[in-house]
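Here is how the chains run, residue by residue.
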Amino acid sequence: MQYTEIMVRYGELSTKGKNQRDFVNRLGGNIRKSLHSFPKVEVHPKRDRTHVTLNGEDSTAVIERLKQVFGIQNFSPSLKVGRTLPEIHDGVLKMMQEQLKPGMTFKINTRRSDHHFEMDTNELNEELGGFVLDNFPDATVKMRNPDLILRVEVRHNGVFLSSETIQGAGGLPVGTAGKGMMMLSGGIDSPVASYLGMKRGVDMEMIHFFSPPYTSPQALAKAKELTSKLAAFGGSLQFIQVPFTKIQEEIKEKVPEGYLMTVQRRMMLRIAVAIAKMRGGKAIFNGESLGQVASQTMESMEAINDVTNMPILRPVISLDKTEIIKQAKAIDTYELSILPFEDCCTIFAPPSPKTRPDTERSRYYEAKIDVEGLMKEAIAGIEVSEIKPGQNYLNQNEDVFAELL
Ligand SMILES: Nc1ncnc2c1ncn2[C@@H]1O[C@H](COP(=O)(O)OP(=O)(O)OP(=O)(O)O)[C@@H](O)[C@H]1O
C-alpha cells in the first residue's frame, strides 16, 4: 500500500525535559540524512511527533530506512485523504482491504484536532464502523483488544488514517551524546560495540589501524565496508585510517615477545586519544569483552589504559560471544566480519602473549621505542574519509584484481 505520510513517535526523548528541543531537532536532521536518497520526502519535527511527508516516494523503502534511525520509538504509516465523507470512505476501504483479514475484529478510533469538523468523534466512529461492517460482513467490532485499530485523525489540512504501529530502533538520536572514537578492527566485536555506542546517541568516528604490506588492501576495504554498514544507523560516518606498519616493526624489533601485544595496544590507544583530542572526541570505544582472549583480562586492560585518563568505553564487555554474533547478524555486519582478511594485530600477535601483563614492565619496554616520534609520524599519515550507507569497497577491489589478472 502506498502511504502518504509517516507519523514518528519518540521514546526516551520525552523524558529529557529542557533538552527536548535539541533532541527533536537532532532526530529530525538524522531522519533527513537517512532519507537523503528520497528527494521528495519532507521531514517536519514537532514537540511530540515528527511527520514525514512522502510526496509520492515509495513508502515501503522509507519504512525500512526509518527502522534503523535511533531515537524513534515507533511509527505509523498513514494515508492522507480529503475531509469529505466520500473521500474518507475511499481511504478506509483501501486501508481495510489491505489490513483486515477474514474473521478479524476491529475498532475505529477517531481523534479531532480540528473541532470545527462537521461530525464529532463518536459520530465518526459509528459512521465509519458501520461503513466497514457493510463492506466486510464477516468482520466484527470489538472495543477491548481488537485485532485491528483503525486510527482516524481529523486535522485542518486533511484526515489521516493509520492502522499499523511499527517498532523503531529505540535508543537516542545519534549526536545527542557527543563525539566518541571507535577503535574498529575487521572483527565481529567492534562493529557491534559501534552499533551499541551509536544507539546511546554517540556521534561515532571510526579509527582503523592498518599495516601494509603485512595487511592487504582487502583488510582495509573490509573495515571501510563495515563502516558503511554501520553508517545506516547514523547517516554517514568519518573513517580515519592510521598507518601502523612502522610502529609494529619497531615494537617487534625492540620489545620482548610476551609484551608485544600490550605495547602495540598502548600505542594504538595513545594515537586514538591524540586523534580524539584533535577532533573533539570525548571517549574511546572498543570491542573488548572480558576474558574473551588473552588481551582482554582486567590486568591487560589496566596495563593498556595506563597511557590515558580519557574514558575507555566497552559496550560489549559483558556479552558472550554467541550474544555478540547474534547482534552482529541482526545489524548485518557478521558476514563481512568473518571474511578471512588478516588484521594488523593478528599478524604481529605473539604465539603466547602475557595474559596478565604488568603495568611497570609495559612502561619499561615501551620506553625502548621512540613513542613521541612514531606517534607524530603515524598521525601525519592519517587519512580521513566520509563513508555513507551502501558504499561498496570490497567489490571495487575485486574489480581491480580482476583487471590485473
Ligand atoms: N586494526 C585495528 N584497528 C582499530 N582497532 C583495533 C584494531 N585491532 C583491534 N582493535 C581494537 O581492539 C579491540 C580488541 O581486539 P582483539 O583483536 O583483541 O579482539 P577481538 O575480540 O578479536 O575484537 P574484534 O572482534 O573487534 O576484532 C577490538 O575490538 C578493537 O576495538
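Note: the structure precedes this text.
Read on for an overview of the structure. (Residues numbered from 1 in each chain as written. Predicted model: local features only at pLDDT ≥ 70, side-chain atom pairs only at ≥ 80, totals over all residues. Heavy atoms only, no water.)

**Here we look at the overall build of the protein**
In step 1: Along the protein, the regular secondary structure elements total 15 helices and 15 strands.
In step 2: With the C-alpha coordinates of the protein rotated into their principal frame, the extents come out at 85 × 55 × 35 Å.
In step 3: For the protein, with 405 residues in total, the buried portion stands at 52%.
In step 4: A separation of at least 24 residues holds for 80% of the contacts in the protein among residues at least 6 apart in sequence.
In step 5: Carbon together with sulfur atoms contributes 50% to the accessible area of the protein, which is approximately 19200 Å² in total.
In step 6: Both charge centroids of the protein, one from 50 positive and one from 51 negative side chains, sit 5 Å from each other. (Helix = DSSP H or I, 4+ residues; strand = E, 2+ residues; numbered from the N terminus. Buried < 20%, exposed > 50% of the residue type's maximum accessible area, 1.4 Å probe, protein only. Contact = heavy atoms within 4.5 Å. Areas by Shrake-Rupley, 256 points an atom, 1.4 Å probe, with all protein chains shown as cover. Lys, Arg positive; Asp, Glu negative; His and termini not counted. Charge placed at Lys NZ, Arg CZ, Asp CG, Glu CD.)

**Some points on the packing of aromatic side chains**
In step 1: If you walk through the whole model with that rule in mind, you get 6 aromatic pairs.
In step 2: Joined through ring pairs, the aromatic side chains of Phe70, Tyr195 and Phe233 make up one cluster.
In step 3: Here the basic side chain of Arg155 rests over the ring of Phe160, its NZ or CZ set 3.6 Å away from the ring centre.
In step 4: Seen from the ring of Tyr334, Lys329 lies directly overhead, with NZ or CZ sitting 4.9 Å from the centre. (Phe/Tyr/Trp six-rings, centres within 6.5 Å; stacked < 30°, edge-to-face > 60°. Lys NZ or Arg CZ within 6 Å of the ring centre and 35° of its normal.)

**Points about the site of the ligand**
In step 1: The immediate surroundings of the ligand are formed by 22 residues, with Met183, Ser185, Asp189, Ser190 and Gln296 found nearest.
In step 2: Here an oxygen atom of the ligand and a backbone polar atom of Gly287 are 3.0 Å apart.
In step 3: Contact with the protein chains removes 89% of the 580 Å² of surface that the ligand exposes when unbound.
In step 4: At the level of secondary structure, the elements contributing two or more residues to the shell around the ligand comprise helix 5 (189-199), strand 11 (203-210), helix 8 (257-279) and helix 12 (344-347).
In step 5: When residues of the shell around the ligand are assigned to their parent elements, the largest contribution, 3 residues, is made by strand 11.
In step 6: Here the residues of the shell around the ligand are counted per class, giving 9 nonpolar, 9 polar and 4 charged. (Near = heavy atom within 4 Å. Polar contact = N/O pair within 3.5 Å; in protein donor to acceptor, adjacent residues only side chain to side chain. Nonpolar A, V, L, I, M, F, W, Y, C, P; charged D, E, K, R; others polar.)

**Quick word on the pairing of strand 8 (residues 158-162)**
In step 1: In terms of burial, strand 8 is a largely internal element, 5 of the 5 residues being buried.
In step 2: In this sheet, strand 8 lies alongside strand 4 (residues 72-81) in antiparallel orientation, the contact comprising 4 bridges. From the neighbouring strand, Leu79 faces strand 8, where its bridge partner is Leu161. (Pairing = 2+ DSSP bridges.)

**Some thoughts on the nonpolar core**
Inside soluble globular proteins, nonpolar side chains tend to come together where they are buried.
In step 1: By size, the foremost hydrophobic cluster in this structure holds 44 residues, and its most contacted members are Ile6, Ile31, Leu66, Val92, Met96, Leu100 and Leu161.
In step 2: When residues no more than four places from it in sequence are discounted, the contact partners of Ile31 are Val8, Val43, Thr50, Val52, Leu66, Val69 and Ile72.
In step 3: Grouped together as the second largest cluster of nonpolar side chains are 36 residues, Ile284, Cys344, Val371 and Ala378 included. (Core = buried A, V, L, I, M, F, W, Y, C linked by side-chain atoms within 4.5 Å.)

**Some words on unusual backbone geometry**
In step 1: The linkage connecting Pro212 with the following residue, Pro213, adopts the cis geometry, with an omega of 0°.
In step 2: Mapped onto the fold, Pro213 is located in the loop between strand 11 and helix 6 (217-231).
In step 3: At Asn145, a residue that is not glycine, the phi angle is positive and equals roughly 50°.
In step 4: The residue Asn145 is located in the loop between strand 6 (140-141) and strand 7 (148-155) in this model.
In step 5: Its relative accessible area of 66% is what places Asn145 among the exposed residues.

**Some details on helix 13 (residues 359-366)**
In step 1: Where helix 13 is concerned, the buried positions are Thr359, Ser362, Tyr365 and Glu366. Burial along helix 13 is one-sided: seen end-on, the buried residues are contained in an arc of 125°. Opposite its buried face, helix 13 presents the exposed residues Glu360 and Tyr364, each directed more than 90 degrees away.
In step 2: Packed against the buried residues of helix 13 are helix 8, helix 9 (298-305) and helix 14 (371-380). (Arc of directions from axis to C-beta.)

**As for the environment of Arg266**
In step 1: Looking at the element boundaries, Arg266 is found in helix 8.
In step 2: For Arg266, a relative accessible area of 1% translates into the label buried.
In step 3: In the structure, Arg266 is positioned 66 residues away from Arg200 in sequence and 27 Å away in space, judged by C-alpha atoms.
In step 4: Aside from chain neighbours lying at most four places away, what touches Arg266 is Ala303, Ile304, Asp306, Val307, Ser362, Arg363 and Glu366.
In step 5: At 2.8 Å, the side chain of Arg266 forms a polar contact with the backbone oxygen of Ala303.

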